[in-house]
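Understanding the architecture of this molecule
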Amino acid sequence: MSNLEQARRRRADRARQVADVLRHQVLAGSFPQGQLPREAQLCRDFEVSRNTVRAALALLAAEGLVERSPGVGTTVLTEKYAHGLHRLMGLNETLHGQGQITNDVRTAALVRPPALVAQRLGLPEDQLVVYVERLRRLDGVPMSLDLTYLPRDIGEPLLAADLAGQDIFVLIERVAGRPLGVADMSFEAVNADPHTAALLELPQQAAVLMVERLTRLADGRPVDLEWIRFRGDRLAMHGQLQRGAPAARVIGY
């Protein structure tokens, strides 16, 4: 590797480091007026060159987090909302106080589940389940596309409930007469298919955060299997992890 290539690589590495810090500050609301410091100030704060600062800001701009305008500087373009991972809550419960959550119920019906869905819910493959698809908005802006499968005895009463105005978690606990317990979750970044991109008002192939979540009642019974596609430019996941032996939990019913 030539000296020039090494210098470019070091600058790119440093730009990512600067971008990570600035991203955290933007998400934490460290710039309440929506204006980032000038390039010269950022150079002093991070002890880097102007080219490195510009490369870092370009990364944030490519994410849709900030906008750079000649003569104006760098401004926060899109607010991200913090989604905590420390408690099992629905989106409306999580973002309470940050805006109004509304749900466009696109589908709510009894269906024959795919084999994997039946297996994850602990049901026979020939048993019908309730499928609910919702486009969820915060103050009118699309946040997520939720695909939910529920056992029939839990889900069928929900078909007559207020799916447009309430979290499914709240409705499940009301129908079951028992609280929810734990959820198994996995996260991955995927490219939005044309249908998802159109619903979430994103460019085609834009990255979205895919969450798979299997939620159980407190007695361990699985009652809610979801695939949720979040807009990555609108939501930031955060939580606290503890090193040590995992707590025991019930997984059967």
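Everything numeric in this text was worked out from a predicted model, so none of it was measured.

1. Some words on the packing of aromatic side chains
For the structure shown, the criterion picks out two aromatic pairs. When the centroid spacing of 5.0 Å and the interplanar angle of 45° are considered together, the rings of Tyr131 and Tyr149 count as tilted. Here Tyr131, found in strand β5 (residues 129–138), pairs with Tyr149, found in strand β6 (residues 141–151); they are 18 residues apart in sequence, far enough to count as distant. Here Tyr131 falls in the buried class, since its relative accessible area comes to 12%. Aromatic pair Tyr149 and Trp227: ring centres 6.1 Å apart, planes at 90°, arrangement edge-to-face. Taken as a pair, Tyr149 in strand β6 and Trp227 in strand β9 (residues 222–231) lie far apart in primary sequence, 78 residues in all. Relative accessible area serves as the criterion here: at 19%, Trp227 is assigned to the buried category. Cluster of aromatic residues (ring-pair linked, three or more members): Tyr131, Tyr149 and Trp227.

2. Some thoughts on helix α1 (residues 3–27)
Taking 1.5 Å as the rise per residue, α1 with 25 residues should run 36 Å; its terminal C-alpha atoms sit 36 Å apart, in good agreement. Every buried residue of α1 is accounted for by Ala15, Val18, Ala19, Leu22, Arg23 and Val26. Each element contacted by the buried residues of α1 is listed here: α2 (39–46), α3 (50–62) and β2 (73–76). In the stretch just after α1, Gly29 is the one whose phi turns positive, near 75°.

3. A closer look at the nonpolar core
Counting 20 residues, the largest nonpolar core has Val117, Leu121, Tyr149, Leu200, Leu225 and Trp227 as its most contacted members. If sequence neighbours within four positions are ignored, Val117 has contacts with Tyr149, Leu225 and Trp227. Core analysis: the second largest hydrophobic core is formed by 17 residues, Val18, Val53, Leu57 and Val66 among them.

Cut-offs used in this document
Residues numbered from 1 in each chain as written. Predicted model: local features only at pLDDT ≥ 70, side-chain atom pairs only at ≥ 80, totals over all residues. Heavy atoms only, no water. Phe/Tyr/Trp six-rings, centres within 6.5 Å; stacked < 30°, edge-to-face > 60°. Helix = DSSP H or I, 4+ residues; strand = E, 2+ residues; numbered from the N terminus. Buried < 20%, exposed > 50% of the residue type's maximum accessible area, 1.4 Å probe, protein only. Expected span 1.5 Å × (residues − 1). Contact = heavy atoms within 4.5 Å. Core = buried A, V, L, I, M, F, W, Y, C linked by side-chain atoms within 4.5 Å.

By themselves, these observations are geometric and do not establish any function.
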